[in-house]
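Overview (structure and organization)
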Amino acid sequence: AQRVTQPEKLLSVFKGAPVELKCNYSYSGSPELFWYVQYSRQRLQLLLRHISRESIKGFTADLNKGETSFHLKKPFAQEEDSAMYYCALAGANSKLTFGKGITLSVRP
Amino acid sequence: GAGVSQTPSNKVTEKGKYVELRCDPISGHTALYWYRQSLGQGPEFLIYFQGTGAADDSGLPNDRFFAVRPEGSVSTLKIQRTERGDSAVYLCASSFGRGLNTGELFFGEGSRLTVL
């Protein structure tokens, strides 16, 4: 079975503060991990994936297989980062399993 | 169209009625997914098609739920004898399928189903 856990429902920070959105997973094989984002009144969309090892909009995420984590980080939050963030895992069967999501609120 | 299209955007029905939700994926995408999202929850997997066949339907909650994709493009999610607990936003997504593109799903805006 594949499972994604996002332990927090809400993170509220001031603009310019660092952000870390936590994600832990459970999967017996080699997973592919992703972060999806949903801005207000927009569709759910891909933010980044671990295999690309890229930084998108200043966000990065490192897959830690020892801790089975894939936390999303950004050193300096911007107001436009306010959104719902979902961590997701794809197993060998191409099924994408999502966590429950976290609301990030960046205050001015 | 440019993106995944879902109709209707809103559907209100009475308990016990039959409902169909339609998804038109991005042209050329072989994989199509249905998810259900209840308030305060993440998208919950229902079923995944690769072409015309259901590759994984393990998320369908019971036999009242059924989905088809007869020509490998448009898909219809069918719910029989609706119950109040079926109320949710039903999301459709498509992707190129296997390989490095696996996991990059392109989502529609969803169909909000309300069962009274």
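Structure's up top.
Predicted model only: the values in this text are computed from it and were never measured.

The next thing to look at is the overall build of chain A. Secondary structure assignment for chain A yields zero helices and 11 strands. When the elements of chain A are put in sequence order from the N terminus, they spell out β-β-β-β-β-β-β-β-β-β-β. Each principal axis of the C-alpha atoms in chain A carries an extent, and together these give about 40 × 30 × 25 Å. Put simply, chain A has 108 residues, and 44% of those count as buried. If you take every contact in chain A between residues at least 6 apart in sequence, the share linking residues at least 24 apart comes to 58%. Surface accessibility of chain A: about 5,500 Å² in total, with carbon and sulfur atoms responsible for 49%. Looking at charge distribution, chain A has the averaged site of its 15 positive side-chain charges lying 6 Å from that of its 9 negative ones.

All names here are of chain A. Strand order in the open sheet formed by three strands is β3-β8-β7, and the pairing between neighbours is antiparallel. Only two strands of the sheet have a single partner each, and these edge strands are β3 (19-21) and β7 (60-61). Strand direction decides the pairing type here: β7 and strand β8 (residues 72-74), joined by two bridges, are antiparallel. Its bridge partner lying in β8, A61 is registered against L72.

Another aspect to go through is the pairing of strand β4 (residues 31-37) of chain B. Residue and element names in this part refer to chain B. Most of β4 sits out of view: seven of its seven residues are buried. Across the two faces of β4 the burial is the same, with A31, Y33, Y35 and Q37 and L32, W34 and R36 all buried. When β4 meets strand β5 (residues 44-50), the two strands line up antiparallel, connected through six bridges. If you follow A31 over to β5, its bridge partner there is Q50. Connecting β4 to the next strand, β5, in antiparallel fashion are six residues, including G40 with a positive phi near 80°.

The next point concerns the pairing of β5 of chain B. Residues and elements named next belong to chain B. Most of β5 is tucked away, with five of its seven residues classed as buried. Pairing of β5 with strand β6 (residues 53-56), which is carried by three bridges, proceeds in the antiparallel orientation. Along β6, the bridge assignment pairs F49 with A54.

Take the interface of chain A and chain B next. The interface of chain A with chain B comprises 17 residues on the first partner and 23 residues on the second. Counting each side, the surface lost to burial between chain A and chain B is near 1,700 Å², with a carbon and sulfur contribution of 48%. Considering only the surface of chain A that becomes buried against chain B, R43, S94 and K95 of chain A emerge as the three largest contributors, covering 32% of it. Joining chain A to chain B, the criterion identifies two salt bridges. E104 of chain B serves as the salt-bridge partner of R49 of chain A, at 2.6 Å between the closest nitrogen and oxygen.

Calculation notes
Residues numbered from 1 in each chain as written. Chains lettered and ligands numbered in written order. Predicted model: local features only at pLDDT ≥ 70, side-chain atom pairs only at ≥ 80, totals over all residues. Heavy atoms only, no water. Helix = DSSP H or I, 4+ residues; strand = E, 2+ residues; numbered from the N terminus. Buried < 20%, exposed > 50% of the residue type's maximum accessible area, 1.4 Å probe, protein only. Contact = heavy atoms within 4.5 Å. Areas by Shrake-Rupley, 256 points an atom, 1.4 Å probe, with all protein chains shown as cover. Lys, Arg positive; Asp, Glu negative; His and termini not counted. Charge placed at Lys NZ, Arg CZ, Asp CG, Glu CD. Pairing = 2+ DSSP bridges. Buried area = accessible area lost by both parts, 1.4 Å probe. Salt bridge = Lys/Arg side-chain N within 4 Å of Asp/Glu carboxyl O.

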